[in-house]
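Summary of the model geometry
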Amino acid sequence: MSKQVILVTGASSGFGLMTAKALAQAGHTVYATMRETEGKNAPRVIEVAEWSRAEGVDLRTTELDVQSDASAEAGVAYILKDAGRLDVIVHNAGHMMFGPAEAFTPDQFIQQYDVNVLGAQRVNRAALPHLRGQGKALMIWVGSSSTRGGTPPFLAPYFAAKAAMDALAVSYSTELALWGIETTIMVPGAFTKGRNHFAHSGSPADTARAAEYEAGPYAGIVDKALKGLAGLEPAEVAREIVRVVDTPFGKRPFRVHVDPSQDGAEIVNGVADRMRREMYRNIGLEDLLHPRVKA
């Protein structure tokens, strides 16, 4: 495969950093984007630069806060100026909240949607004019098996936002196909090792409501849920993203599941995606299911 220029959002840690490193090791030019590159993530910027030099790969860091329109525009503009083009976007940035749904305020739900859904929209609005003009690109969305598979309790804000992101990705796929832009939705299971989602997850603002759950019939359920999810390693997700990027244009899968726990998402998504394809055929829009290469 030819060298691709790749933007990875939320790449200061977890799936994002693993993916950025794996893509760089596969020979691509990768921009690991993150917020506060001159603040709390400054040590990560230094670490990534040192790792890149030691490995002899092309991994760069760039400031991009997905919660800011201006930052998304500036980050994408910098990459286009620095590299001259952009071939792949990996929508990875996300944040998790853990606790009883009732105990989260509406503003906390808004924050989840802002990071996990609107963050991708901001990056798309910044990058798509260029990608559409280019006529060939790839969008990879890092979703979650929770949108269709088994859903452990106390993750409602995160699951709801990921479901919205998945719906957005599906809609974008057919709206971008005729511009020559492919879509792949990665569907990881509930990985707890090697990433900071659970360790840095947000807590309910209404602590009194949360305490009622812990003191009532749901006492101990939180610990049981976390123990049940422990031990799942996420490195395979990064490897699958590399495989998708290195697959020839037009041959990339629409959806890839990486779920050691086998929570059923692959089966449910398989039915939903098949019905979507059949509906598009029935209304005469089958061409939108496949990317068109710019003449």
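Residues numbered from 1 in each chain as written. Predicted model: local features only at pLDDT ≥ 70, side-chain atom pairs only at ≥ 80, totals over all residues. Heavy atoms only, no water.

Across its full length, the protein chain carries nine helices and seven strands. For a compact globule of 295 residues, the expected C-alpha radius of gyration is about 19 Å, and the protein chain comes in at 19 Å, within 12% of that figure. Here the C-alpha coordinates of the protein chain stretch approximately 65 × 55 × 35 Å along the principal axes. Of all 295 residues assigned to the protein chain, the portion counted as buried reaches 48%. Restricting to contacts in the protein chain with at least 6 residues of sequence separation, those with at least 24 account for 78%. In the form shown here, the protein chain has an accessible surface area of approximately 13400 Å², with 54% of it arising from carbon and sulfur atoms. The centroid of the 31 positive side-chain charges in the protein chain is displaced by 6 Å from the centroid of its 33 negative side-chain charges. (Helix = DSSP H or I, 4+ residues; strand = E, 2+ residues; numbered from the N terminus. Rg over C-alpha atoms; globule rule 2.2 N^0.38 Å. Buried < 20%, exposed > 50% of the residue type's maximum accessible area, 1.4 Å probe, protein only. Contact = heavy atoms within 4.5 Å. Areas by Shrake-Rupley, 256 points an atom, 1.4 Å probe, with all protein chains shown as cover. Lys, Arg positive; Asp, Glu negative; His and termini not counted. Charge placed at Lys NZ, Arg CZ, Asp CG, Glu CD.)

With that out of the way, let us pick up the pairing of strand 4 (residues 88-91). For a regular strand, side chains alternate in direction, first toward one face of the sheet and then toward the other. Burial along strand 4 is two-sided: Val88 and Val90 and Ile89 and His91, pointing in opposite directions, are all buried. Where strand 1 (residues 5-8) and strand 4 come together, three bridges link them in parallel fashion. The residue of strand 4 that forms the bridge with Leu7 is Ile89. Bridge count between strand 4 and strand 5 (residues 137-142): four bridges; the pairing is parallel. Paired with Val88 across the strands is Leu138, a residue of strand 5. For the handedness criterion, the β-α-β arrangement of strand 4, helix 4 (residues 106-134) and strand 5 is classed as right-handed. (Pairing = 2+ DSSP bridges. Right-handed = clockwise from strand over helix to strand, strands pointing away.)

In this fold, Thr37 is placed in the loop between strand 2 (29-34) and helix 2 (42-55). Residue Thr37 is classed as buried on the basis of its relative accessible area of 17%. Polar side-chain contacts of Thr37 include one of 2.7 Å to the side chain of Glu63. Sequence-distant contacts of Thr37, defined by excluding residues within four places in its chain, comprise Ala42, Val45, Thr62 and Glu63. (Polar contact = N/O pair within 3.5 Å; in protein donor to acceptor, adjacent residues only side chain to side chain.)

This part is about the nonpolar core. Counting 30 residues, the largest nonpolar core has Leu64, Leu86, Ile89, Leu131, Met139, Trp141 and Ile181 as its most contacted members. Elements supplying a minimum of two residues to this core: strand 1, helix 3 (69-83), helix 4, strand 5, helix 5 (156-176) and strand 6 (181-188). Ranked by residue count, the leading element in this core is helix 4, at seven residues. Not counting residues up to four positions away in its chain, the partners in contact with Leu131 are Leu86, Ile89, Lys136, Ala137, Met139 and Ile181. (Core = buried A, V, L, I, M, F, W, Y, C linked by side-chain atoms within 4.5 Å.)

Turning our eyes to something else, we now look at the environment of Ala272. Residue position: Ala272 is located in helix 9 (residues 265-282). The spatial distance from the C-alpha of Ala272 to the C-alpha of Arg148 is 9.5 Å, given a sequence separation of 124 residues.

Together, Met279, Ile283 and Leu285 make up an exposed nonpolar region whose accessible area comes to about 260 Å². As for its placement among the helices and strands, Ile283 is situated in the segment after helix 9. (Patch = residues over 30% accessible without salt bridge, like charges linked within 9 Å, V, L, I, M, F, W, Y side chains within 5 Å. Salt bridge = Lys/Arg side-chain N within 4 Å of Asp/Glu carboxyl O.)

Across the sheet, which stays open at both edges, the seven strands sit in the order 3-2-1-4-5-6-7 with parallel pairing between neighbours. Strand pairing shows two members of the sheet lacking a second neighbour, strand 3 (59-63) and strand 7 (255-258), which therefore form its edges. Across the sheet, the mean angle from the axis of one strand to that of its neighbour is 20 degrees, orientation sign disregarded. As paired strands, strand 5 and strand 6 are joined by six bridges and run parallel to one another. If you follow Leu138 over to strand 6, its bridge partner there is Glu182. Along the sheet, helix 5 makes contact with strand 4, strand 5, strand 6 and strand 7, crossing strand 5 at roughly 165 degrees. (Axes fitted to C-alpha atoms, helices over the stretch in contact; angles between N-to-C directions.)

If you check helix 9, its first and last C-alpha atoms are 25 Å apart, about what 18 residues at 1.5 Å a residue would give, namely 26 Å. A positive phi of about 75 degrees marks Gly284, the residue just after helix 9. (Expected span 1.5 Å × (residues − 1).)

Bringing empty space enclosed by the protein into the picture now. The final tally for this structure, using the stated rule, is one cavity of 30 Å³ or more. If you trace the largest cavity, you find it lined by Thr9, Val66, His91, Asn92, Ala93, Val115, Asn116, Gly119, Ala120 and Met165. When residues of the lining of the largest cavity are assigned to their parent elements, the largest contribution, four residues, is made by helix 4. Residue classes in the lining of the largest cavity are distributed as five nonpolar, five polar and no charged. (1 Å grid on protein atoms, 1.4 Å probe; cavity = no way out; pocket = protein on both sides within 12 Å on 5 of 7 lines; lining within 4 Å. Points joined across faces, edges and corners; volume = space filled by probe spheres on them. Nonpolar A, V, L, I, M, F, W, Y, C, P; charged D, E, K, R; others polar.)

This part covers the packing of helix 3 against helix 4. Look at helix 3 against helix 4: their axes get within 8 Å of each other, and the N-to-C directions meet at 35 degrees. Helix 3 and helix 4 meet at a crossing whose hand is right-handed. Taking contact as the criterion, the partners of Asp69, Ala72, Glu73, Val76 and Leu80 in helix 3 are, on helix 4, Arg122, Val123, Arg125, Ala126, Ala127 and His130. Of the residues contributing to the contact of helix 3 with helix 4, the split by class is six nonpolar, one polar and four charged. (Left-handed = near helix turned anticlockwise from the far one by under 90°.)

Everything listed here is a matter of coordinates, which is why it stays silent on function.
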